[in-house]
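Residues per chain, in single letters:
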Amino acid sequence: MMSKLTDCVYHKPVMVKEVLSFVTERKRNVVVDCTLGDGGHSWAILANSPDTFVFGIDVDDEAVTVADNRLGSMFRGRFKATKWDYRELPRHLARFAVPRVGAILLDLGVSSRQLDQAHRGFSYWAEAPLDMRMNPAGARTARDILAESDEEEIETILREYGEERFARRIARAIVERRAEREITTTIELVEVVKGAIPARARHGTIHPARKTFQALRIAANDELSRLAGALRECFGLLESEGVLLVITYHSLEDRIAKRVFKEIQAGGLGTVRTRKVIRPSEGEVAGNPRSRSAKLRVIQS
Ligand SMILES: C[S@@+](CC[C@H](N)C(=O)[O-])C[C@H]1O[C@@H](n2cnc3c(N)ncnc32)[C@H](O)[C@@H]1O
């Protein structure tokens, strides 16, 4: 019998050993996994820390179903999966009358499941509607952004969220193209990007549309604008000597995490445990190329 999509595990969790080394310092712990995905980190925490309870949240309904199917019965009474946005974490914990917790993990970005499922529109390799919302009920798709923003706004998104050096040329090409016909699919966007950039940039080691896709994903999910505030709020939910762990995948996110942690430390409220950022080992990167850009930062209250 073929297994359901939600029974398969797509995502390999990143830096599990490193995450566990901080989270399992305490034997009895309440942990929030703010970005459940396929539940890889939650599984490792629950399996290695038998007296720990994990609240898992994700904005993606499918992630919540997958993680709940995987972990719900295996760790009965120690795991609670909920569709929720980590930017509203205080309200979530209040619903369970939990004022503070021992550890909070944010593993930012997109999951392999989301990337590999063509219909979600995250991948520049497969033809699909330009969606890119992690929360399927989210307000704006990538298609909406391309259709509704003016040329300057598109350029700013590409430059700021994608660090795309050809932002102006690509924004111009998008606007010219949509004057003829709306851009509705991933491959249509890839073709527009390829047509807009110089020939030499079309054949580099990274895909020519990678930065454009990253930028639109960040914009569609409003990933950066509330990250600093969310990190401060998460830190405020820690018990004394609790830990906040953040895994980032690009420099924009990492800069925010680094700055917020520094500010908290400068205010005398916490201690940065990762004076040098933690990166995956060579072995991990060889076995899981998607971990290549990951950085782990930890602060203790
Ligand atoms: C890199 S994946 C996490 C993978 C997970 N650690 C695992 O081991 O399978 C990031 C997840 O964060 C979720 N996410 C993104 N923004 C979110 C938000 N604001 N609140 C909750 N979850 C979010 C995404 O839907 C995605 O499933």
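Note: the structure precedes this text.
A. Looking closely at helix α7 (residues 151-162). The end-to-end C-alpha distance of α7 is 16 Å, a good match for the 16 Å that twelve residues give at a rise of 1.5 Å each. When α7 is considered as a whole, its buried residues turn out to be I154, E155, I157, L158 and G162. Down the axis of α7, the smallest arc covering the buried residues is 160 degrees, so these residues share one side. Where α7 is buried, its residues meet α6 (142-148), α8 (167-180) and α10 (210-220). If you check the start of α7, you find a side-chain oxygen 3.2 Å away from the backbone N of E152, and it comes from D150.

B. Structural detail: the packing of α8 against helix α9 (residues 186-196). Across the interface, α8 lies against α9 with an axial gap of 9 Å and an inter-helix angle of 125 degrees. Between α8 and α9, the angle falls in the class oblique. Our pair here, α8 against α9, has a crossing hand that is right-handed. For the pair formed by α8 and α9, the contact residues are R169, I170, A173, I174 and R177 on the first element and E188, L189, V192, V193 and A196 on the second.

C. Seen up close, the site of the ligand. In the vicinity of the ligand there are 24 residues, among which H41, D58, D85, D107 and Q114 approach most closely. At a separation of 3.4 Å, an oxygen atom of the ligand approaches a polar backbone atom of G39. Expressed as a share of its isolated accessible area of 610 Å², the protein-covered part of the ligand is 97%.

D. Molecular detail of the sheet that holds strand β7 (residues 295-300). Read from one edge of the open sheet, seven strands run β3-β2-β1-β4-β5-β7-β6, paired in mixed fashion. Taken across any chain shown, the strands that pair with only one partner, and hence form the sheet edges, are β3 (79-83) and β6 (271-272). Sitting on the sheet, helix α1 (residues 16-23) is in contact with β1 (28-33), β4 (101-107), β5 (238-248) and β7, with an inclination near 170 degrees to β5. Helix-sheet contacts for helix α3 (residues 61-71) involve β2 (51-58) and β3, and the interaxial angle to β3 is about 165 degrees.

Cut-offs and rules
- Residues numbered from 1 in each chain as written.
- Predicted model: local features only at pLDDT ≥ 70, side-chain atom pairs only at ≥ 80, totals over all residues.
- Heavy atoms only, no water.
- Helix = DSSP H or I, 4+ residues; strand = E, 2+ residues; numbered from the N terminus.
- Expected span 1.5 Å × (residues − 1).
- Buried < 20%, exposed > 50% of the residue type's maximum accessible area, 1.4 Å probe, protein only.
- Arc of directions from axis to C-beta.
- Contact = heavy atoms within 4.5 Å.
- Polar contact = N/O pair within 3.5 Å; in protein donor to acceptor, adjacent residues only side chain to side chain.
- Axes fitted to C-alpha atoms, helices over the stretch in contact; angles between N-to-C directions.
- Parallel < 35°, antiparallel > 145°, perpendicular 65-115°, else oblique.
- Left-handed = near helix turned anticlockwise from the far one by under 90°.
- Near = heavy atom within 4 Å.
- Areas by Shrake-Rupley, 256 points an atom, 1.4 Å probe, with all protein chains shown as cover.
- Pairing = 2+ DSSP bridges.

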